[in-house]
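Analysis of the macromolecular model
Each chain, letter by letter, is given below.
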Amino acid sequence: MFSVVTHIYHCNTTFECYSSCNMVFIHLANIFLLFGIISTFVYYGSNLGSHLDNISPQTFSSSWEKYGWFTLVLYLCQYLALLALPQAVFNFLGFLLFNPFPGDPQIEKPISLVPFICFRVVTKGDYPELVQNNVQRNINTCLDAGLKNFIIEVVADKSTSLVSSLHVREVIVPADYQTSSGAMFKARALQYCLEDRVNQLDDEDWVVHLDEETLLTVNSVRGIINFVCKGKHQFGQGMITYANEQIINYFLTLCDTFRVAEDMGKIQFQLRVLRMPILGWKGSYIVSQLGAERKVSYDNGPDSSVAEDTYFGILAASQGYSFDFIHGNMCEKSPFSLMDFLQQRKRWLQGLLLVAHSSRLPFRHKCLCLDYHAFNNRQSFFKTDIPHPCSSGCRY
């Protein structure tokens, strides 16, 4: 419920005229609402104030006498909820310490000083009309924000019939292309872009990774400009909202409001305080300096090919690169059907299991990356072979 309230705010443009004082007031109201919800759940969930019928609480010894070995199962189920504790703590600290309603970002330096920015979209190419429309819309958004030194690069398995221009480039991944480590899927396509014969960017340029359905906003472009101009951190990520324009499936869009709350809480806290994505991050709205991205590489074997975003983030953090949170939200769509939604979550969980068992990542950097995903993706436990990461309504 809390994530729904915050998501509705970010999707309502009538609040754009609020002053900074109003934003502080909304932040304080947000904190009071958060504590109110927590207090309500603690009071009624723990049955406080109604122990008259429970004068002698049941202990482990009494439970053992009653249930025998099954007591261990009962206690294990009871404490499984603690798997989500790091997630809850990071979300709580993010909401508490940082204003989730900071107002519209303003460009802090002259446009002439902005480094070259490449907006890289990876797609299978199954929906060329969607790609063409979104590319044009994103170009218009960049121009509206005042950005001129940029290009939108579409990386596809097959042509989307884009016309190359000053701001558009299409890269087709050859069917016979293989990485040295056997990376697959999106990681394979991303690594192809980093090859010397394909890459046209300098190490000082910046890459913004997008999904084919991701739409830029003027605020996100401004936030990216401020981030790359500062140049203090090699990687960054911002917030993505889902209840934008026409909503295809209201129920699944409501489910994805939890991801918005993650961005505002967990992602913001870990990137602004810890400077590393120890609890994972998303594969879209990633801003990276090309030189750092090439050194980390997406050519990390099959283990990195399903949850390539989490693997890349942990690997980059283990190599000493720093991260930051970017102000300004982008827009995406939730999966259109329940089956696509479940397949998406299942794929995430399977990919994270591969990350957790990868011997190429330092244990101290990956030990926390699975606990909340294992808890929050309970619907994805159905055991099947790992599918190709792209299906109808889901991302590449």
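Note on numbering: residues in each chain are counted from 1, in written sequence order. Totals for whole chains, interfaces and linings use every residue, but because this is a predicted model, local features are given only for residues with pLDDT of at least 70 and side-chain atom pairs only at 80 or more, for both listing and counting. Calculation of side-chain values draws on the structure's entire complement of heavy atoms; hydrogens and water are dropped beforehand.

A few words on the confidence of the model for the chain. The predicted model of the chain averages 83 in pLDDT, with 82% of residues at 70 or higher. For the chain, helix α14 (residues 371-376) is the element with the lowest average pLDDT, namely 41, and strand β6 (residues 286-289) is the one with the highest, namely 97. The pLDDT value tells you how sure the predictor is about a given residue, anywhere from 0 up to 100. Contact between two residues is taken to exist if any of their heavy atoms lie within 4.5 Å; hydrogens are not considered. Across residues 1-9, confidence stays below pLDDT 50; counting only partners more than four residues off in sequence or on other chains, it has 25 contacts. Across residues 368-396, confidence stays below pLDDT 50; counting only partners more than four residues off in sequence or on other chains, it has 82 contacts. A run of DSSP states H or I qualifies as a helix once it reaches four residues; a run of E qualifies as a strand once it reaches two. Both are numbered from the N-terminal end.

Attention shifts here to the sheet that holds strand β3 (residues 168-172). The strand order β3-β2-β1-β4-β6-β5-β7 describes an open sheet built from seven strands, whose pairing is mixed. Single-partner strands in this sheet number two, and they are β3 and β7 (323-331). Between one strand axis and the next, the sheet turns by 25° as a mean value, whatever way the strands run. A strand pair is defined by DSSP finding two or more bridges across the two strands. By the bridge criterion, six bridges tie strand β5 (residues 235-241) to β7 in an arrangement that is parallel. Within β7, the position partnered with Ile 240 by the bridge is Met 330. Contacts between helix α9 (residues 250-274) and the sheet are confined to β5 and β7, with β7 contributing the most and set at about 160° to the helix. Throughout, an axis means a line fitted to C-alpha atoms (over the contacting stretch in the case of helices), and angles, computed between N-to-C directions, take values from 0 to 180 degrees. The strands touched by helix α11 (residues 308-318) within the sheet are β5, β6 and β7, with β7 carrying the most contacts at an inclination of about 155°.

It is worth spelling out the nonpolar core at this point. Only buried residues count toward a nonpolar core, which is a set of Ala, Val, Leu, Ile, Met, Phe, Trp, Tyr and Cys residues joined through side-chain atoms within 4.5 Å. Relative accessibility thresholds used throughout: buried, under 20% of the residue-type maximum; exposed, over 50%; partly exposed, between the two (1.4 Å probe, protein chains only). In terms of nonpolar packing, the biggest core is built from 78 residues, with Phe 119, Leu 147, Ile 224, Phe 235 and Val 287 touching the most fellow members. With residues up to four places along the chain from it excluded, the contact list for Phe 119 reads Cys 142, Leu 147, Phe 150, Ile 151, Ile 152, Glu 153, Val 208, Leu 210, Leu 216 and Ile 224. Of all hydrophobic cores here, the second largest spans five residues; its members include Phe 90, Phe 98, Phe 269 and Ile 278.

Packed helices, taken two at a time, are described by the angle between their axes plus the distance between the axes. The N-to-C vectors of helix α5 (residues 85-97) and α9 enclose an angle of 80°; their axes lie 7 Å apart at closest approach. When the interaxial angle is binned, α5 and α9 end up roughly perpendicular. When α5 is examined against α9, the residues Gln 87, Phe 90, Asn 91, Leu 93, Gly 94, Phe 95 and Leu 97 are found in contact with a partner set consisting of Phe 258, Ala 261, Glu 262, Met 264, Gly 265, Lys 266, Phe 269, Gln 270 and Leu 274. Under the scheme applied, nonpolar residues are Ala, Val, Leu, Ile, Met, Phe, Trp, Tyr, Cys and Pro; charged residues are Asp, Glu, Lys and Arg; polar residues are all the others, including Gly. Broken down by class, the residue content of the contact of α5 with α9 amounts to nine nonpolar, five polar and two charged. Orientation is classified from the angle alone, with under 35 degrees giving roughly parallel, over 145 giving roughly antiparallel, 65 to 115 giving roughly perpendicular, and any other angle giving oblique.

What follows covers the pattern of salt bridges. A pair is scored as a salt bridge if a Lys or Arg side-chain nitrogen falls within 4 Å of a carboxyl oxygen belonging to Asp or Glu. Evaluation of the coordinates by the stated rule reveals eleven salt bridges. Notably, a salt bridge pairs Arg 120 with Glu 153, separated by 2.6 Å at the nearest N-O pair. Pair noted here: Arg 120 is in strand β1 (residues 117-123) and Glu 153 is in strand β2 (residues 150-156), with a separation of 33 residues, a long-range link. Accessibility classification places Arg 120 together with Glu 153 in one group, the buried group. Note that Lys 282 and Asp 263 form a salt bridge whose closest N and O atoms lie 2.6 Å from each other. Taken together, the residues Lys 282 in the loop between α9 and β6 and Asp 263 in helix α9 connect sequence positions 19 residues apart. In terms of burial, Lys 282 and Asp 263 fall into one category: buried. When salt bridges that share partners are traced, they join Arg 120, Glu 153, Arg 169 and Glu 293 into one network.

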